[in-house]
Amino acid sequence: MSRIRRQSPSTITVELSVVERMLLSRLAEQLIEVLSDRTDPAMTRLLPNAYPDDPEASAEFYRFTADGLTERKLAGARAVLAAVSNDGPVVLTEPAPVQWLHAITDLRLTIANRLGIAHDGDLGRTDEAAMPLQHSYYWLGELQEQLVEALER
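The structure reproduced in this document is the subject of the present report. It should be emphasised that the depicted structure is a prediction, and the values quoted were computed from it without experimental measurement.

Structural notes on the pattern of salt bridges
Applying the stated criterion across every chain yields a total of nine salt bridges. As a salt-bridge pair, R3 and E15 come within 2.8 Å of each other at their nearest N and O atoms. In this pair, R3 sits in strand β1 (residues 3–8) while E15 sits in strand β2 (residues 11–15), placing the two residues 12 residues apart along the sequence. With a relative accessible area of 44%, R3 lands in the partly exposed category.

Observations regarding the packing of helix α4 (residues 96–115) against helix α5 (residues 131–152)
At a closest axis distance of 10 Å, the pairing of α4 and α5 adopts a crossing angle of 155 degrees. Comparing their axes, α5 and α4 come out roughly antiparallel. The interaxial crossing formed by α4 with α5 has left-handed handedness. Across the interface between the two elements, P97, W100, L101, I104, T105, L107, R108, I111, A112, R114 and L115 of α4 pack against L133, Q134, S136, Y137, L140, G141, L143, Q144, L147, V148 and L151 of α5. Counted by class, the contact of α4 with α5 contains 15 nonpolar, five polar and two charged residues.

Here's the deal with the pairing of strand β3 (residues 90–93)
Side chains V90 and L92 of β3 all project onto a buried face; the interleaved residues V91 and T93 project onto a face where none is buried. The pairing of β2 with β3 spans four bridges and is antiparallel. Across the sheet, residue T11 finds its bridge partner in β3, namely T93.

Points about helix α1 (residues 18–35)
Its 18 residues give α1 an end-to-end C-alpha distance of 26 Å, which sits within 8% of 26 Å, the value for a rise of 1.5 Å per residue. The elements touched by buried residues of α1 are β2, α2 (43–46), α3 (55–84), β3, α4 and α5.

About the thresholds
Residues numbered from 1 in each chain as written. Predicted model: local features only at pLDDT ≥ 70, side-chain atom pairs only at ≥ 80, totals over all residues. Heavy atoms only, no water. Salt bridge = Lys/Arg side-chain N within 4 Å of Asp/Glu carboxyl O. Helix = DSSP H or I, 4+ residues; strand = E, 2+ residues; numbered from the N terminus. Buried < 20%, exposed > 50% of the residue type's maximum accessible area, 1.4 Å probe, protein only. Axes fitted to C-alpha atoms, helices over the stretch in contact; angles between N-to-C directions. Parallel < 35°, antiparallel > 145°, perpendicular 65-115°, else oblique. Left-handed = near helix turned anticlockwise from the far one by under 90°. Contact = heavy atoms within 4.5 Å. Nonpolar A, V, L, I, M, F, W, Y, C, P; charged D, E, K, R; others polar. Pairing = 2+ DSSP bridges. Expected span 1.5 Å × (residues − 1).

In structure tokens:
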């Protein structure tokens, strides 16, 4: 399992195995693909409807925020992808730790959409084909928790 430590007030080190690097790299690539396709069903989780009871206000909000939010999400996914492409510990300095948190959240939301997880505690799909996604979902949750703990120190 990965280990995340605060090295200094502005530096966090993430130690990932080769398999974890490959997984995170592939997931970040997939997130970039999802964010590049506004018709992907996961986009409803990544850019949720701000005003579900007011279609006009919702469309207006989406028009003004979707591009900026998508660009920030893409930047986060690209930051993760770039960081895991090198050997050795990943060294995160500001603003990278927050970008990573956002990217991990986006990855988990995308996977939750694929698994049919709507709320905390839902198991979503439990068939054998869903197992790799479920494992990725929970592993990302652990990674996210460790990163939050490192940021709080």
